[in-house]
Amino acid sequence: PTYFYGGEGLIYILEPIMENGSVTKAVMVVCDTAGFDELFLDFAFGSDSFLFLQDNNGQIVYSFQDNDVDYLQRDSNFMDILEKSKGKSSSVINGLKGQRSGYAIVKLDDSDRLIAYHYIKETGWFMIIGVPDSYFASELKPFRHTVLLMMLSILGCMLLYMVIVIYNYMLSRMSGKRKREGLLHLAETDQLTGLYNKVTTERKIKEYFEEN
């Protein structure tokens, strides 16, 4: 189907019907973007955040939080706003033109914002989210201590695991050494008397003469 924004908050979806290899008729569905609000009720990154849909021409089709900001108004062109902004706006522009998904820090309204954009292949549109950098500083700060403790716990577990592995390795070597010594003792001695057997006695005498 073909999606396009017809203005006044209306989205038109056109589905052509093929018969005998050619388009004979089409079905058109008209959607009022006012009903989109229910889809984004859980969107909560602060009052200064924004979320909107942008069509393949750069026009804003639907804005979740309409206010006086230019790039949140329907029929506005977010690409024009990015052209005038600072930061890594060029990477966002290239991503939008290349129909890719990504994110970058862009300076809008004299403040840094994390702009995340997702390409919707079915419609050729983008879902764009803007979250102030201050949100992460205020909302995620309480979690830093928890994250630090988690990292320390992970490092502690890794260290304990290494100690256990090394300890088991040493025990294995010591156990193997004792077994080898036991087998060697059985091979060199007589089982009844506990003295060196004939072969071992001859070897010991030979080694004594060679050393002395």
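Before any of the text, the structure's been laid out above.
Notes on the structure in this doc start here. Everything quoted here is computed from the prediction, not taken from an experiment.

**Overview of the nonpolar core**
Grouped burial of nonpolar side chains is what soluble globular proteins tend to show. Core analysis: the biggest nonpolar cluster contains 17 residues, and Phe78, Leu82, Val92, Leu96, Ile115 and Ile128 have the highest contact counts within it. Where this core is concerned, the elements lending two or more residues are β4 (50–54), α1 (78–84), α2 (89–97), β7 (102–108), β8 (111–120) and β9 (125–132). Leaving out residues up to four positions away in the same chain, isoleucine 115 has contacts with Phe50, Phe78, Val92, Gly102, Tyr103, Ala104, Val106, Leu108, Ile128, Ile129 and Gly130. Core analysis: the next-biggest nonpolar cluster, separate from the first, contains six residues, Leu53, Val61, Tyr62 and Trp125 among them.

**Describing helix α5 (residues 198–211)**
Between its first and last C-alpha atoms α5 spans 20 Å; for 14 residues at 1.5 Å apiece the expected length is 20 Å, and the two agree. Within α5, only one of the 14 residues are buried, which leaves it mostly out in the open.

**Description of the pattern of salt bridges**
As enumerated under the stated definition, the model contains three salt bridges in all. Ionic pairing is found between aspartate 112 and lysine 107, a salt bridge with its closest N-O pair at 3.2 Å. On the basis of relative accessible area, aspartate 112 is assigned to the partly exposed category, the value being 33%. By relative accessible area, which is 33% here, lysine 107 ends up partly exposed. Within the structure, one salt-bridge network assembled from shared partners comprises Glu188, Arg203 and Glu207.

Thresholds applied
Residues numbered from 1 in each chain as written. Predicted model: local features only at pLDDT ≥ 70, side-chain atom pairs only at ≥ 80, totals over all residues. Heavy atoms only, no water. Core = buried A, V, L, I, M, F, W, Y, C linked by side-chain atoms within 4.5 Å. Buried < 20%, exposed > 50% of the residue type's maximum accessible area, 1.4 Å probe, protein only. Helix = DSSP H or I, 4+ residues; strand = E, 2+ residues; numbered from the N terminus. Contact = heavy atoms within 4.5 Å. Expected span 1.5 Å × (residues − 1). Salt bridge = Lys/Arg side-chain N within 4 Å of Asp/Glu carboxyl O.

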